[in-house]
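# Structure assessment
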Amino acid sequence: MTSRVAAAIEAAHAQGRGAFVGYLPLGFPDIATSIEAAVVLAENGADIIELGPPYSDPVMDGLVIQEATQAALAAGFRLRHLFPAIKEIASRVDVPVVVMTYWNPVFQYGVDRYADDLLAAGGAGLITPDITPDAAAEWIAASERTGLDRIFLAAPTSSDERLELVVQNSTGFVYTVSTMGITGERAELDAAARTLVARLRERGVEHAAVGIGISNAEQVSGVLEYADGAIVGTALVRALRDGGLEELGRTARALADGTRR
């Protein structure tokens, strides 16, 4: 089956640029606004939308995203709101929507049921930060059955054997962690990201997108010197928090400008 995520990256490459992947937590500041925010991202240069359903124990998230997801949970977001929201977003934009989710909600919901409902809503796949391919047999089978993309993470500390496993089992792209730690803005991106992408290339990765710590157009441009996509989250969440949809649109446009090679 054709990967919608890979197709979006290749379409960006055909235009002489890298791909811009924009992350937002679903339900922040409320469900309706978060749906509009995803649409604003797509309308202002995002090639792929990454949605994060709020989770009560966000071990990978930095302070800005943690505060946003906690606010969404306090406002009443529940997993049952996820698929209707994706359905509305997917009906309004021609940009693949992937869900970045911790594994426990998928497991509790039922892996096959989750995959079927995500596909029916128009979603394109999952990013699963806390499960590795060797522990994800049920999800791999469900994604192969449905054609959903499965995006695993690679970190600078990953062994060669682990990278091999990630490359063999990921579709769409490999989420390449720029530096060890939680999400958030950093003044300088860790040079380990460049080395990690090179290691993934040696193992035949088709698409590698770098995330964690990318916060401005200059950093997007720098990452796209060696990677296929740049993933931005905290800067977008802060823009939405501080300036609403209008500021989010301005920030997205500025980041998208950094994708020009």
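The structure reproduced in this document is the subject of the present report. (Residues numbered from 1 in each chain as written. Predicted model: local features only at pLDDT ≥ 70, side-chain atom pairs only at ≥ 80, totals over all residues. Heavy atoms only, no water.)

For the chain, the helix and strand inventory stands at 11 helices and 9 strands. Computed over the C-alpha atoms, the radius of gyration of the chain is 16 Å, within 12% of the 18 Å expected from 2.2 N^0.38 for a compact globule of 261 residues. Counting all 261 residues of the chain, 57% fall into the buried class. Across the chain, contacts joining residues at least 24 apart in sequence account for 72% of those joining residues at least 6 apart. By element, 49% of the accessible surface of the chain is carried by carbon and sulfur atoms, the whole surface being about 10,500 Å². (Helix = DSSP H or I, 4+ residues; strand = E, 2+ residues; numbered from the N terminus. Rg over C-alpha atoms; globule rule 2.2 N^0.38 Å. Buried < 20%, exposed > 50% of the residue type's maximum accessible area, 1.4 Å probe, protein only. Contact = heavy atoms within 4.5 Å. Areas by Shrake-Rupley, 256 points an atom, 1.4 Å probe, with all protein chains shown as cover.)

On to the pairing of strand β1 (residues 19-25), then. Strand residues, when the strand is regular, have side chains that alternate between the two faces of the sheet. For β1, a buried count of 7 out of 7 residues is recorded, marking the element as mostly surrounded by other parts of the structure. With 5 bridges joining them, β1 and strand β2 (residues 48-52) adopt parallel strand pairing. Bridge pairing links Pro-25 to Gly-52 in β2. With helix α2 (residues 31-43) bridging β1 and its parallel neighbour β2, the resulting β-α-β unit is right-handed. (Pairing = 2+ DSSP bridges. Right-handed = clockwise from strand over helix to strand, strands pointing away.)

Take the sheet that holds strand β7 (residues 174-177) next. Judged by pairing direction, the sheet is parallel, and its 9 strands sit side by side in the order β5-β4-β3-β2-β1-β9-β8-β7-β6 without closing on themselves. The open sheet terminates on both sides in strands that have one partner only, identified here as β5 (149-151) and β6 (153-154).

Time to look at the packing of helix α8 (residues 160-169) against helix α9 (residues 192-202). Two elements in contact, α8 and α9, have axes separated by 9 Å at closest approach and are oriented at 65 degrees. Considered as vectors, α8 and α9 are oriented roughly perpendicular to each other. Where α8 crosses over α9, the two elements pack in a sense that is right-handed. Residues Asp-160, Leu-163 and Val-167 of α8 touch α9, and the partners they reach there are Leu-196, Arg-199 and Leu-200. Considered class by class, the residues forming the contact of α8 with α9 number 4 nonpolar, no polar and 2 charged. (Axes fitted to C-alpha atoms, helices over the stretch in contact; angles between N-to-C directions. Parallel < 35°, antiparallel > 145°, perpendicular 65-115°, else oblique. Left-handed = near helix turned anticlockwise from the far one by under 90°. Nonpolar A, V, L, I, M, F, W, Y, C, P; charged D, E, K, R; others polar.)

A separate point is the side chain of Thr-251. Structurally, the position occupied by Thr-251 is in helix α11 (residues 234-257). Using a relative accessible area of 15% as the deciding quantity, one classes Thr-251 as buried. Excluding residues within four positions of it along the chain, Thr-251 makes contact with Ala-235, Leu-236 and Ala-239.

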